[in-house]
Amino acid sequence: MSQRPNNRRVLERRHFLAGMAGSALVPLAAAQPPRGESRATPAQTLGPFYPRDAAERPRETDADLIKVDGDRVLTKGVPIFLTGRVLDRRGEALADAVVEIWQCDANAVYHHPAGGAEAERDPNFQGYGVTRTDASGAFHFRTIRPVAYPGRTPHIHVRVAAAGLAPLATQLYLADDPGNRSDFLFRRLAADEQAALTLKFEPIDPKVTHPLAQATRFVARTELVFA
Ligand SMILES: [Fe+2]
């Protein structure tokens, strides 16, 4: 019998409670934006594995969540170049916004004190990273394609903080993952909200020369719009 504290039942309950707390604050379906404005990215719960202080963060917290030795990727999973832009409702780029991501490793373990069996952690995965947007509102990470987790469909958590705005937290999903349909957080979204939170995947283009694109197999794009 596994002693993993992150068994499906406990987690579903924890996520459910976190989701309930969030749903009191976040309307299920955002109102249509006024003409000329973008629709705000739907917010989703931070979940139980957001590092709320330094003790819950990994030693390294940069934008490169994987380890590569020459051309050899040491981290388990499919390496991806995750790139996105942070915008306000008028479509203006938000520079110098703080972008954090976190996700479980390829063994479905979160690198968080409550994240599950430490012995099963992939030591070559960072689990969490933080960066800032550039002048064009762009941010970049090197990480792995998200994997399913007990009770959850594959997802990457993201939290963005920009000056003068309430932080935006949400989760990014894979298109057509069979787990999406039964995921209790994904399925409560309207179709357009699901689309807004679905990563756009393409095979990596050799023309992408960003250092964090090196040794990755896919580029995954997103756009995050503050309310
Ligand atoms: Fe999660």
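Scroll up a little and you will see the structure.
Only a predicted model underlies this, so the values are computations on that prediction, with no experimental measurement involved. (Residues numbered from 1 in each chain as written. Predicted model: local features only at pLDDT ≥ 70, side-chain atom pairs only at ≥ 80, totals over all residues. Heavy atoms only, no water.)

**Student:** I would appreciate a short explanation of the coordination of the iron ion in the present structure.
**Tutor:** A four-donor tetrahedral metal ideally has 109.5 degree angles, and a six-donor octahedral metal ideally has angles of 90 or 180 degrees. All of the protein donors around the iron ion are Y110 (OH), H155 (NE2) and H157 (NE2); their distances to the metal are 2.0 to 2.1 Å. One chain supplies every donor for the iron ion, spaced along it as Y-x44-H-x1-H. The exposure class assigned to H157 is buried, which follows from its relative accessible area of 1%. (Donors = N, O, S within 2.8 Å, 3.2 Å for Na, K, Ca; no water. Buried < 20%, exposed > 50% of the residue type's maximum accessible area, 1.4 Å probe, protein only.)

**Student:** Looking at this model, I keep getting lost on the pattern of salt bridges. Mind explaining?
**Tutor:** Pairs may arise between side chains of opposite charge once their charged atoms sit close together. Evaluation of the coordinates by the stated rule reveals 7 salt bridges. When the shortest N-O distance is used, the salt bridge between D192 and R39 registers 1.8 Å. Of this pair, D192 sits in helix 2 (residues 191-196) while R39 sits in the loop between helix 1 (8-25) and strand 1 (68-69); the two residues are 153 residues apart in sequence, bridging distant segments of the chain. The shortest N-O distance in the salt bridge between D96 and R132 comes to 3.5 Å. (Salt bridge = Lys/Arg side-chain N within 4 Å of Asp/Glu carboxyl O. Helix = DSSP H or I, 4+ residues; strand = E, 2+ residues; numbered from the N terminus.)

**Student:** Just to check I follow, could you spell out the nonpolar core for this structure?
**Tutor:** Note that soluble globular proteins tend to have their nonpolar side chains buried in a common cluster. With 34 residues, the main nonpolar core has V86, F141 and V160 as its most contacted residues. When contributions to this core are tallied by element, the ones reaching two or more residues are strand 3 (79-87), strand 4 (98-102), strand 6 (138-144), strand 7 (155-161), strand 8 (168-173) and strand 10 (218-225). If you tally residues by element for this core, the top one is strand 3, at 4 residues. Beyond its immediate chain neighbours, meaning those up to four positions away, V160 contacts V86, A97, V98, V99, P167, L168, L224 and F226. By size, the runner-up hydrophobic cluster in this structure holds 8 residues, among which are F49, A108, Y110 and Y128. (Core = buried A, V, L, I, M, F, W, Y, C linked by side-chain atoms within 4.5 Å. Contact = heavy atoms within 4.5 Å.)

**Student:** Would you take a moment to explain the sheet that holds strand 7 for this structure?
**Tutor:** Pairing in this open sheet of 4 strands is antiparallel, and the strands run 5-4-7-8 from one edge to the other. Two strands lie at the open edges of the sheet, namely strand 5 (128-132) and strand 8, each paired on one side alone. Across the sheet, the axes of successive neighbouring strands diverge by a mean angle of 20°, strand direction being ignored. (Pairing = 2+ DSSP bridges. Axes fitted to C-alpha atoms, helices over the stretch in contact; angles between N-to-C directions.)

**Student:** Sorry if this is basic, but what is going on with the sheet that holds strand 9 (residues 200-203) here?
**Tutor:** The strands making up a sheet associate through hydrogen bonds between their backbones, and the pairing can be parallel or antiparallel. Taken in spatial order, the 4 strands of this open sheet run 6-3-10-9, and their pairing is mixed. Strand pairing shows two members of the sheet lacking a second neighbour, strand 6 and strand 9, which therefore form its edges. Adjacent strand axes in the sheet meet at a mean angle of 25°, parallel and antiparallel pairs treated alike. The pairing of strand 3 with strand 6 spans 7 bridges and is antiparallel. Across the sheet, residue L82 finds its bridge partner in strand 6, namely F141.

**Student:** Where do I start with the pairing of strand 3 in this structure?
**Tutor:** Within a regular strand, the side chains alternate between the two sheet faces. The buried fraction of strand 3 is high, at 8 of 9 residues. For strand 3 and strand 10, the ladder comprises 8 bridges, and the chain directions are parallel. Considered in strand 10, the bridge of R85 is made with E223.

**Student:** Help me out: how do you make sense of the side chain of T153 in this one?
**Tutor:** Along the polypeptide, T153 turns up in the loop between strand 6 and strand 7. A distance of 2.8 Å separates the side chain of T153 from the side chain of N180, its partner in a polar contact. Every residue in contact with T153, bar those within four places of it in the chain, is listed here: A148, Y173, D177, G179, N180 and D183. (Polar contact = N/O pair within 3.5 Å; in protein donor to acceptor, adjacent residues only side chain to side chain.)

**Student:** Even after reading the chapter, I still don't get unusual backbone geometry, so can you show me in this structure?
**Tutor:** The phi torsion of most residues other than glycine is negative, and most of the peptide bonds are trans. At D96, a position not held by glycine, the phi torsion is positive, near 65°. Relative to the helices and strands, D96 is located in the loop between strand 3 and strand 4. Even without being a glycine, A215 presents a positive backbone phi close to 70°. Within the fold, A215 resides in the loop between strand 9 and strand 10.

**Student:** Would you mind showing me how to read the packing of aromatic side chains here?
**Tutor:** The geometry of an aromatic ring pair comes down to the distance between the two centres and the angle between the two planes. Scanning the entire structure with this criterion turns up 7 aromatic pairs. Pairing Y50 with W102 gives two aromatic rings, centres 4.7 Å apart and planes at 50°, and the pair type is tilted. Of this pair, Y50 sits in the loop between helix 1 and strand 1 while W102 sits in strand 4; the two residues are 52 residues apart in sequence, bridging distant segments of the chain. Note on Y173 and F186: the rings are 4.8 Å apart at their centroids and 65° apart in plane angle, and the pair reads as edge-to-face. In this pair, Y173 sits in strand 8 while F186 sits in the loop between strand 8 and helix 2, placing the two residues 13 residues apart along the sequence. (Phe/Tyr/Trp six-rings, centres within 6.5 Å; stacked < 30°, edge-to-face > 60°.)

**Student:** Honestly, the environment of I144 in this entry has me stumped. Any pointers?
**Tutor:** Mapped onto the elements, I144 comes out in strand 6. Between the C-alpha atom of I144 and that of K76, which follows or precedes it by 68 residues, the distance is 8.1 Å.

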